Amino acid sequence: MKFWIAIAIVVLPAMAHAADVSGIPKIREGDQVQIGNARIRLAGIDAPSVDQLCLNTKGERWTCGIAARDELIRHADNKSWTCHVGQTERHGRQVAHCEVDGEDIQKWMVKNGWALAHTRVSHDYEADEKAAREAKAGMWQGAFIAPWEWRVRNKKTAILGAVKPPETAHAILLASASGPVAPSPECTIKGNVNRSGECIYHRPTSRWYAQIKMQVTKGTRWFCSVEEAEAAGCRETKR
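Scanning the protein from N- to C-terminus turns up seven helices and 17 strands. Burial analysis of the protein (239 residues in total) assigns 46% to the buried set. Of the roughly 12,800 Å² that the protein leaves accessible, carbon and sulfur atoms contribute 53%.

Put into C-alpha cells, the structure is as follows:
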C-alpha cells in the first residue's frame, strides 16, 4: 500500500501539471491568450509585443505587434483551442503548445511571419522560420528587431528582415507604438523610464497614472499585464 501511495504522490502532480486546457480564447497578443482563468503563453515561439514597430518594404513604420495579434484573431478567433500545458511560469502563466482544428497554431504563426522560433527554448519551428524568411512573409517583408531583443533593446541591437534598412531604422525600431491611447482595452498598464534610467510600470489605480504622458519619443509604452511589464525589466511604482 505504501508503495502505491508513493507512486501516486509522484505521478498525480505530474498529470495535473500536464493537463490540457480547452476552450475559445481571448487573444491578447500574437503569443499570449487566455482561456477561462488560464493565462497561456504559446510555447516555442516569440511574437512582437503589441506596441512593437517594424518597417515595411518602403522603410515606413507599421505596428507589426498589433498586426501579429490581429492576424491570429482573424485566423483562429471564435474557434475552440486545445492547449497542452508543459509548465507554469513564475507568475502563473502556463506555457503550452496549442492546436486549433488539429492545426499547430505556433507553426502557423511562425510560417506566416508573425512570430519567430524561440530557439533559446525550442528548435521546433526553425524550418518554419526559414520558410517565412525566404517567402518574405509577415514581418520578414521589411525590417524588424527580434521580439526578445526588442524588450531589452539598445543602439547595438541587430536588425533582421528582407530589406536593407534606412539609416534612420534604429531610431524608429527602438521606439514603440505607445501613443496617448492604449493599443487595446486589455493593455492599460503604463510604463515609463525615470531619470535614473529605470523602467517603472503604473497600474490604472496608481497615484501617478494620470500624470504619465504616453509619447513614443519619451520611451513610454503600454503593457497588457504585470507579468509582461516585469518580463521587460520594469518594476512597479512605489506610489
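Before going further, it helps to examine the confidence of the model for the protein. For the protein, mean pLDDT is 85; residues scoring 70 or higher make up 88% of the total. Per-residue pLDDT stays below 50 along residues 1-17; that stretch engages in five contacts with residues further than four places along the chain or on separate chains.

Right, let's get into the pairing of strand β14 (residues 189-193). Most of β14 is tucked away: four of the five residues are buried. Alignment of β14 against strand β16 (residues 221-223), held across three bridges, turns out to be antiparallel. Each residue of the ladder has a partner; that of Gly191, found in β16, is Arg221. Sheet topology note: the β14/strand β15 (residues 199-202) ladder contains four bridges and is antiparallel. Considered in β15, the bridge of Lys190 is made with His202.

Within this model, the second largest pocket holds a volume of roughly 350 Å³. Together, 16 residues line the second largest pocket, and Asn192, Val193, Asn194, His202 and Ile212 are the ones closest to its centre. The set of elements that each furnish at least two residues to the lining of the second largest pocket consists of β14 and β15. Along the lines of polarity and charge, the residues of the lining of the second largest pocket split into four nonpolar, seven polar and five charged.

Before going further, it helps to spend a moment on the sheet that holds β15. With mixed pairing, four strands are arranged side by side in an open sheet as β16-β14-β15-β17. Looking along the sheet, the strands with just one partner apiece sit at the ends: β16 and β17 (235-236). When β15 meets β17, the two strands line up parallel, connected through two bridges. The residue bridging Tyr201 from the neighbouring strand is Glu236, located in β17.

Here the structure, examined in full by the defined rule, presents twelve salt bridges. With its nearest N and O atoms 2.7 Å apart, the salt bridge here joins Arg235 to Glu198. Here Glu198 lies in the loop between β14 and β15 and Arg235 lies in strand β17, a separation of 37 residues in the sequence. Residue Arg235 is classed as partly exposed on the basis of its relative accessible area, which comes to 28%. One salt bridge connects Arg203 with Glu236, and the closest N-O pair in it is separated by 2.9 Å.

Bringing the environment of Pro147 into the picture now. On the secondary structure map, Pro147 appears in helix α5 (residues 147-150). For Pro147, a relative accessible area of 1% translates into the label buried. When the C-alpha positions of Pro147 and Ser49 are compared, they lie 7.1 Å apart, and in sequence the two are 98 residues distant. The contacts of Pro147, once residues within four sequence positions are left out, are Asp46, Ala47, Pro48, Gln52 and Leu116.

Right, let's get into the side chain of Gln52. Mapped onto the elements, Gln52 comes out in the loop between β5 (45-46) and β6 (54-55). For Gln52, a relative accessible area of 0% gives the class buried. Apart from residues no more than four positions distant in its own chain, Gln52 is found in contact with Trp62, Thr63, Cys64, Gly65, Ile145, Pro147 and Trp150.

Looking now at the state of the cysteines. Counted under the stated rule, the structure contains four disulfides. Disulfide pairing is shown between Cys83 and Cys98; the S-S distance is 2.1 Å. Handedness of the Cys83-Cys98 disulfide follows from its S-S torsion of about 110°: it is right-handed. Of this pair, Cys83 sits in strand β8 (residues 81-88) while Cys98 sits in strand β9 (residues 94-100), placing them 15 residues apart in sequence. The same class applies to Cys83 and to Cys98, which are both buried. Here the protein pairs its bonded cysteines, counted in sequence order, in the arrangement 1-2, 3-4, 5-7, 6-8.

The rules behind these values
Residues numbered from 1 in each chain as written. Predicted model: local features only at pLDDT ≥ 70, side-chain atom pairs only at ≥ 80, totals over all residues. Heavy atoms only, no water. Helix = DSSP H or I, 4+ residues; strand = E, 2+ residues; numbered from the N terminus. Buried < 20%, exposed > 50% of the residue type's maximum accessible area, 1.4 Å probe, protein only. Areas by Shrake-Rupley, 256 points an atom, 1.4 Å probe, with all protein chains shown as cover. pLDDT = per-residue confidence, 0-100. Contact = heavy atoms within 4.5 Å. Pairing = 2+ DSSP bridges. 1 Å grid on protein atoms, 1.4 Å probe; cavity = no way out; pocket = protein on both sides within 12 Å on 5 of 7 lines; lining within 4 Å. Points joined across faces, edges and corners; volume = space filled by probe spheres on them. Nonpolar A, V, L, I, M, F, W, Y, C, P; charged D, E, K, R; others polar. Salt bridge = Lys/Arg side-chain N within 4 Å of Asp/Glu carboxyl O. Disulfide = S-S within 2.5 Å.

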